[in-house]
Amino acid sequence: MHKFSSKSNIGFIGTGSVGGSLALSLHKNNYPVVALSSKSNKSAQKLAKMIPNSKAYKSLNEILDRSEVIFITTTDDAIETVVSSLKWQPDKAVIHCSGAASTDILEHASRQKASVGTFHPLQAFASIEKGIESIPGTTFAIEGDPNIKNYLKDIAFNLGGSHIFLKPEDKVLYHVSGVMLGGLLTSFAATTAQIWDSIGLSREEGIKSLSHMMQQVSKNLTTLGIPAAVAGPYPRGDIGTIKKHLDELYNKYPKILPLYCELALCALPLAIEKGSINIETHNEIHQIILEYKKLSS
Ligand SMILES: NC(=O)c1ccc[n+]([C@@H]2O[C@H](COP(=O)([O-])OP(=O)(O)OC[C@H]3O[C@@H](n4cnc5c(N)ncnc54)[C@H](OP(=O)(O)O)[C@@H]3O)[C@@H](O)[C@H]2O)c1
């Protein structure tokens, strides 16, 4: 099996948020990023100006000719089509960064004896600039051929991150956890901040203040762990406050009520695990939530 190292020339097909962030971070860490390509070629040309010794190419065959390791950082849906459009060889490696897909979608390349792998940064990339900032400390989920797993593990380490190895069949569930605590958490934050509109303040003010608290929640989770980090009226068993929440949402934000009820149902067993409420209080709150859940359906 061909060996790849930090000296192997790298090409990127797809130079959006993830491709751009990875390409620039690899370049800053002395990996030779030499060839770039994107759908419109505009983002690839812009990136090439920031990476000395790299060039933007319109033809994907050029990317393959000039690189030993090719990262396909297009949208998920385009990965298989791009891989299938190229002729691979045993001295090439192809890697994609999708969280939900495994190396299965690189089968066309592995049949032609190229090495294959996946390298998923467990991070939310909203832009190249923010992406570069966020890479140190990020966990990268790796799957693939043994030679590629080692190569990608070294990249994760050299970019200041850490790695986990995944089995192909576990990728979708792994990705569900990432999306729930990443993209969907962002939507959840936006939904929550919208409540501030009703109290004479703006969503923007809301998200600023609530995000500061979220940062502390994140710190508590990583330092204290689960269930010690759990806080608020549920682990306190504050039934009066909980009823007020449910009533107010029922009257003013009926659309948010089901979401609140589901989250509250997740909070209750953690309050028991923390040992901060007894089973009687648990059962009383549980019953109240179920009644409101019924009302909201
Ligand atoms: N965003 C995240 O938070 C995140 C996190 C972890 C992993 N990922 C994974 O990273 C990959 C890239 O996501 P992204 O958020 O960086 O996407 P993105 O910002 O939309 O960028 C996609 C890039 O792919 C190019 N592209 C699309 N179709 C193409 C094709 N057929 N041929 C060549 N280039 C093509 C686009 O070209 P143009 O520039 O010309 O439009 C663009 O440069 C995906 O597999 C995604 O699942 C994303």
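Since we're looking at a predicted model, the values are computed, not measured.

Colleague: What exactly am I supposed to notice about the nonpolar core here?
Modeller: For soluble globular proteins, the rule of thumb is that nonpolar side chains tend to be buried together. Core analysis: the largest hydrophobic core is formed by 31 residues, its most contacted members being F71 and F119. Counting residues per element, the ones that place at least two in this core are β1 (10-13), α1 (17-28), β2 (33-37), α2 (42-50), β4 (69-72), β5 (93-96), β7 (139-144) and α7 (146-158). Setting aside its immediate chain neighbours within four residues, F119 contacts L22, F71, I95, H96, C97, F140, A141, I142, L152, I155 and A156.

Colleague: So what exactly am I meant to see when it comes to the packing of aromatic side chains here?
Modeller: Any aromatic ring pair is given by two values, namely how distant the centres are and how the planes are angled relative to each other. Within the structure shown, the criterion is met by 5 aromatic pairs. Geometrically, the ring pair formed by F71 and F119 is edge-to-face, given 6.3 Å between the ring centres and 65° between the ring planes. With F71 in strand β4 and F119 in strand β6 (residues 115-121), this residue pair connects regions lying 48 residues apart in the sequence. For the pair F71 and F119, a shared accessibility class is recorded, and that class is buried. Measuring from centroid to centroid gives 6.3 Å for Y234 and Y260, while their planes differ by 55°, and the two rings are tilted.

Colleague: Before we go on, may I ask you to explain a nonpolar patch on the surface in this structure?
Modeller: A cluster of nonpolar side chains, namely V172, L173, V176, V179, M180 and L184, defines an oily patch on the protein surface of about 560 Å² accessible area. Sorting elements by how many residues they give to the nonpolar patch places helix α8 (residues 171-180) first, with 5 residues. Checked against the element boundaries, V176 lands in helix α8. Assessed through its relative accessible area of 38%, V176 is described here as partly exposed.

Colleague: Can you walk me through the site of the ligand in this structure?
Modeller: Close to the ligand lie 22 residues, the nearest being V18, S40, S43, D76 and F125. Within the backbone of G16, a nitrogen or oxygen atom sits 3.1 Å from an oxygen atom of the ligand. In the model, an oxygen atom of the ligand is placed 3.1 Å from a nitrogen or oxygen of the K39 main chain. Here the ligand loses 73% of its free accessible area of 910 Å² to cover by the protein chains. The residue makeup of the shell around the ligand, split by class, is 8 nonpolar, 12 polar and 2 charged.

The rules behind each value
- Residues numbered from 1 in each chain as written.
- Predicted model: local features only at pLDDT ≥ 70, side-chain atom pairs only at ≥ 80, totals over all residues.
- Heavy atoms only, no water.
- Core = buried A, V, L, I, M, F, W, Y, C linked by side-chain atoms within 4.5 Å.
- Buried < 20%, exposed > 50% of the residue type's maximum accessible area, 1.4 Å probe, protein only.
- Helix = DSSP H or I, 4+ residues; strand = E, 2+ residues; numbered from the N terminus.
- Contact = heavy atoms within 4.5 Å.
- Phe/Tyr/Trp six-rings, centres within 6.5 Å; stacked < 30°, edge-to-face > 60°.
- Patch = residues over 30% accessible without salt bridge, like charges linked within 9 Å, V, L, I, M, F, W, Y side chains within 5 Å.
- Areas by Shrake-Rupley, 256 points an atom, 1.4 Å probe, with all protein chains shown as cover.
- Salt bridge = Lys/Arg side-chain N within 4 Å of Asp/Glu carboxyl O.
- Near = heavy atom within 4 Å.
- Polar contact = N/O pair within 3.5 Å; in protein donor to acceptor, adjacent residues only side chain to side chain.
- Nonpolar A, V, L, I, M, F, W, Y, C, P; charged D, E, K, R; others polar.

All quantities given are derived from atomic positions and should not be read as evidence of function.
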